Amino acid sequence: MSSPLLHLLGIPQLGSVGPIYIGVTLGMMLYGLTLHQAYRYYKHYPEDPLLYPKGLVTIILLLETLHTIVWMYIGYRYMVIEAFNFPDILNSHWTIPSTFLITSLSVFACQVFYCCRVYNFGAFFYKWILIPAVVPMCVAVTFGIVAGVEAFRIVKVLTDLDKISWMVSVAYGLSAGSDIVLSSILIFALLRVRSQSKIRSTKTVLKTLIIYTINTGLLTSIVSFFAFLFAIVNRQTLVYAGISIVGAKLYANSVLALLNSRRYLNNRLQDDFTSVSLMASDTSGSGSSGAASPPRPRMRQASPRAGRPREETSTIVWAVHQRSTFMSQVSVGDGPAAHITSSAIPEESERGSTPAEVEGCADASEAV
């Protein structure tokens, strides 16, 4: 059907269906990834506190599930059931206004997670610099909720969506600004911790976290910016709606992927410490002349905190008690077995760092 006739009938251009279809398709793919990430999280991190982050992850998963179901129904209704029923295709359905509410709450929940990361750094300074991120984040979710309520009230036909598109654009613009501020704060905090550390493996892990923060923050900011842009300049084609479907899924996946990376990063740190200890002991043993017995590694067990088993380690980056899965117990020497656990830390590293410095880095970055 030609565009002039569509305009005469007051029907949005059929090109609007394309972005919605692409958004729903990509959203379903990303939702499958969300389910996989959630399964891994609940399986590998049952010891996480019930309220945060486990409770927040459950809320995000429920909102994403509802978001997917609603958009699937919208796609089926307007692309299949009412595809050629032109008198009725103009009518709005209650699922359309509900998408504004669900998307706003889902994005807000993911941003709350990043705010908690910054807040848990512990320093008073980081709590104050959260204000420039929290304010636009709260205003954005408010505009999204108001847009959803207004859509329930005034949107009777699809063309009425133009009346609330400016609220949607403001919400996306503020979300993009909040993402940029949050990412900048996290990068600044991680760089500050990295500059204070003298442990090579700690610097490597912190560098990985910095790169991940840049990538995820940049990706969600770009998606929110394009949704903001199309909600202003191209409202008739509903391209911003298709972008918002993908954007909500990217937020959820970034949170879950970050949570699931803790075990890998923690084991990487612990195994690096154990490897350094073994190399140091081997070097000291080879320097002695005429030694009949094999050298024993000079190790010093990091003092465990009260009430914690010796085999259980506390991750340097995440403040989650978990067990190292590699080199958990190694026997060295032919004589009486010298057991080295993954929580053992050498007295001196290759760069001259002491265990006190290791624990200092742990306290500084445990909330990231």
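Above: the structure in question.
Quick summary incoming for the structure in this document. Note that the coordinates shown come from a computational prediction; the quantities given were computed from them, not determined experimentally.

1. Quick look at the overall build of the chain
Within the chain, the secondary structure is distributed over 12 helices and 6 strands. With 368 residues in all, the chain has 48% of them scored as buried. In the chain, of all internal contacts separated by at least 6 residues, the share reaching a separation of at least 24 is 76%. Surface accessibility of the chain: about 18000 Å² in total, with carbon and sulfur atoms responsible for 66%.

2. A few points about unusual backbone geometry
At the junction of Y52 and P53, the peptide bond is cis and its omega measures out at 10° in the coordinates. Examined against the element boundaries, P53 turns out to sit in helix α3 (residues 50-81).

3. Some points on the pattern of salt bridges
One pass over the structure, following the stated rule, counts 4 salt bridges. With its nearest N and O atoms 2.7 Å apart, the salt bridge here joins E150 to R153. Taken together, the positions of E150 and R153, both in helix α7 (residues 131-154) and 3 residues apart, correspond to about one turn of that helix. Take R153: its relative accessible area is 54%, and that puts it in the exposed class. A salt bridge links D160 to K163, with the shortest nitrogen-to-oxygen separation between them at 3.7 Å.

4. A short note on the packing of aromatic side chains
For the structure shown, the criterion picks out 7 aromatic pairs. Seen from their ring centres, Y41 and Y42 are 5.5 Å apart, and the 65° between their planes marks the pair as edge-to-face. Since its relative accessible area comes to 33%, Y42 is described here as partly exposed. Pairing Y52 with F113 gives two aromatic rings, centres 6.2 Å apart and planes at 40°, and the pair type is tilted. Linking Y52 in helix α3 with F113 in helix α5 (residues 95-119), this pair joins segments that are 61 residues apart in sequence. By relative accessible area, F113 is classed as buried at 4%. Following the ring pairs from residue to residue traces out a cluster consisting of Y41, Y42 and Y45.

5. Observations regarding the packing of helix α9 (residues 200-233) against helix α10 (residues 239-260)
For any two helices packed against each other, the geometry is given by the interaxial angle and the distance between the axes. At a closest axis distance of 8 Å, the pairing of α9 and α10 adopts a crossing angle of 165°. It follows from the interaxial angle that α9 and α10 lie roughly antiparallel. Pair α9 / α10 crosses with left-handed handedness. Contacts between α9 and α10 pair L209, Y212, T216, L219, T220, V223, S224, F226, A227, F230 and A231 from the former with V239, Y240, I243, G247, L250, Y251, N253, S254, A257 and L258 from the latter. The residue inventory of the contact of α9 with α10, partitioned by class, reads 15 nonpolar, 6 polar and no charged.

6. A look at the nonpolar core
Counting residues in hydrophobic clusters, the biggest one holds 37 residues, and the most contacted among them are I60, F113, Y114, F121 and V255. Among the elements of the structure, α2 (17-44), α3, α5, α7, α8 (165-196), α9 and α10 are those that each provide at least two residues to this core. Contacts of F113, omitting those with residues within four sequence positions, involve Y52, L56, V255, L258 and L259. I102, M167, V168 and V239 belong to the second largest nonpolar core, which has 31 residues in total.

7. What about the packing of α5 against α10?
Orientation of α5 relative to α10, taken along the N-to-C sense of each, is 30°, at an axis distance of 10 Å. It follows from the interaxial angle that α5 and α10 lie roughly parallel. The two elements α5 and α10 cross, and the hand of that crossing is left-handed. On the side of α5, the interface is formed by T103, V107, C110, Q111, F113, Y114 and R117, while α10 contributes S244, A248, Y251, A252, S254, V255, L258 and L259. Its residues assigned to classes, the contact of α5 with α10 shows 10 nonpolar, 4 polar and 1 charged.

8. Quick notes on the environment of T208
Assignment of secondary structure puts T208 in helix α9. Between the C-alpha atom of T208 and that of L265, which follows or precedes it by 57 residues, the distance is 9.0 Å.

Cut-offs and rules
Residues numbered from 1 in each chain as written. Predicted model: local features only at pLDDT ≥ 70, side-chain atom pairs only at ≥ 80, totals over all residues. Heavy atoms only, no water. Helix = DSSP H or I, 4+ residues; strand = E, 2+ residues; numbered from the N terminus. Buried < 20%, exposed > 50% of the residue type's maximum accessible area, 1.4 Å probe, protein only. Contact = heavy atoms within 4.5 Å. Areas by Shrake-Rupley, 256 points an atom, 1.4 Å probe, with all protein chains shown as cover. Salt bridge = Lys/Arg side-chain N within 4 Å of Asp/Glu carboxyl O. Phe/Tyr/Trp six-rings, centres within 6.5 Å; stacked < 30°, edge-to-face > 60°. Axes fitted to C-alpha atoms, helices over the stretch in contact; angles between N-to-C directions. Parallel < 35°, antiparallel > 145°, perpendicular 65-115°, else oblique. Left-handed = near helix turned anticlockwise from the far one by under 90°. Nonpolar A, V, L, I, M, F, W, Y, C, P; charged D, E, K, R; others polar. Core = buried A, V, L, I, M, F, W, Y, C linked by side-chain atoms within 4.5 Å.

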